[in-house]
Amino acid sequence: MSTQVEETLVLIKPDGVARNLTGEILRRIEAKGYSLVDMKLVQAERSLLAEHYAEHEGKPFYEPLIEFMESGPIVAFRIAGNRVIEGFRALAGTTDPTTAAPGTIRGDLGRDWGVKVQQNLVHGSDSPESATAELALWFD
Ligand code: GDP
Ligand code: MG
């Protein structure tokens, strides 16, 4: 558990932007002590989303996931801090908003709509390798 300053990619998915939760989610990131390095509002192209979610291609939720991510604007953040990759994943909570722990973004604010894709408000990179690749994809 050594100290390690890292950067990670956070996306506020179209459900989070549409529900006006951008400020609330950024508040939680800043309250935790992470720094905002860069941010932008993006209407993502399918090609960007296909690259971003390449690991899920072929899974039953893949096509609805891409359609959901194309359905409206996304806010992208580059944030920095000690162990921020793991730390933001902990702030976000587990993938399914119904069972995500209370106190997390998904647990407190995410809703299970009974649709084909989990509209779980946020994305956070899951490893140093994916953080590097995803930051390059969304910001460079
Ligand atoms: P994450 O890293 O917690 O975002 O989860 P994954 O990388 O496993 O999946 C990417 C996204 O696909 C999730 O955030 C959900 O929006 C969606 N998703 C993942 N698994 C499922 C699933 O089993 N069913 C449905 N409906 N959607 C899923
Ligand atoms: Mg993931």
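These numbers come from a predicted model, not from an experiment. (Residues numbered from 1 in each chain as written. Chains lettered and ligands numbered in written order. Predicted model: local features only at pLDDT ≥ 70, side-chain atom pairs only at ≥ 80, totals over all residues.)

Peer 1: Would you take a moment to explain the nonpolar core for this structure?
Peer 2: A general feature of soluble globular proteins is that nonpolar side chains tend to end up buried together. Core analysis: the largest hydrophobic core is formed by 26 residues, its most contacted members being Val-10 and Val-122. Secondary-structure elements contributing two or more residues to this core are strand S1 (5-12), helix H2 (22-32), strand S3 (74-82), helix H5 (84-92), helix H6 (105-109) and helix H7 (128-139). Not counting residues up to four positions away in its chain, the partners in contact with Val-122 are Val-10, Leu-11, Ile-12, Lys-13, Gly-16, Ile-25, Ala-92 and Ile-105. (Core = buried A, V, L, I, M, F, W, Y, C linked by C-beta atoms within 7 Å. Buried ≥ 20, exposed ≤ 12 C-beta atoms within 10 Å, placed from the backbone. Helix = DSSP H or I, 4+ residues; strand = E, 2+ residues; numbered from the N terminus. Contact = placed C-beta atoms within 7 Å.)

Peer 1: Would you explain the environment of Ala-80 in this entry?
Peer 2: Its location among the elements puts Ala-80 in strand S3. C-beta crowding within 10 Å serves as the criterion here: with 14 such atoms nearby, Ala-80 is assigned to the partly exposed category. Each C-alpha atom, one on Ala-80 and one on Leu-9, is 9.2 Å from the other, the two residues being 71 residues apart in sequence.

Peer 1: Explanation requested: the UniProt feature "binding site: ATP" (unreviewed entry) in the protein chain in the structure shown.
Peer 2: Here, the residues flagged by UniProt with the feature "binding site: ATP" (unreviewed entry) are Lys-13, Phe-61, Arg-89, Thr-95, Arg-106 and Asn-120. Assignment of secondary structure puts Arg-89 in helix H5. Contacts of Arg-89, omitting those with residues within four sequence positions, involve Gly-124 and Asp-126. As for its placement among the helices and strands, Asn-120 is situated in the loop between H6 and strand S4 (122-124). The class for Asn-120 is buried, based on 24 C-beta atoms found within 10 Å. Ignoring anything within four residues of it in the chain, the contact list for Asn-120 reads Thr-95, Pro-97, Arg-106 and Gly-110. (UniProt positions renumbered as here; feature names shortened; annotations may be inferred.)

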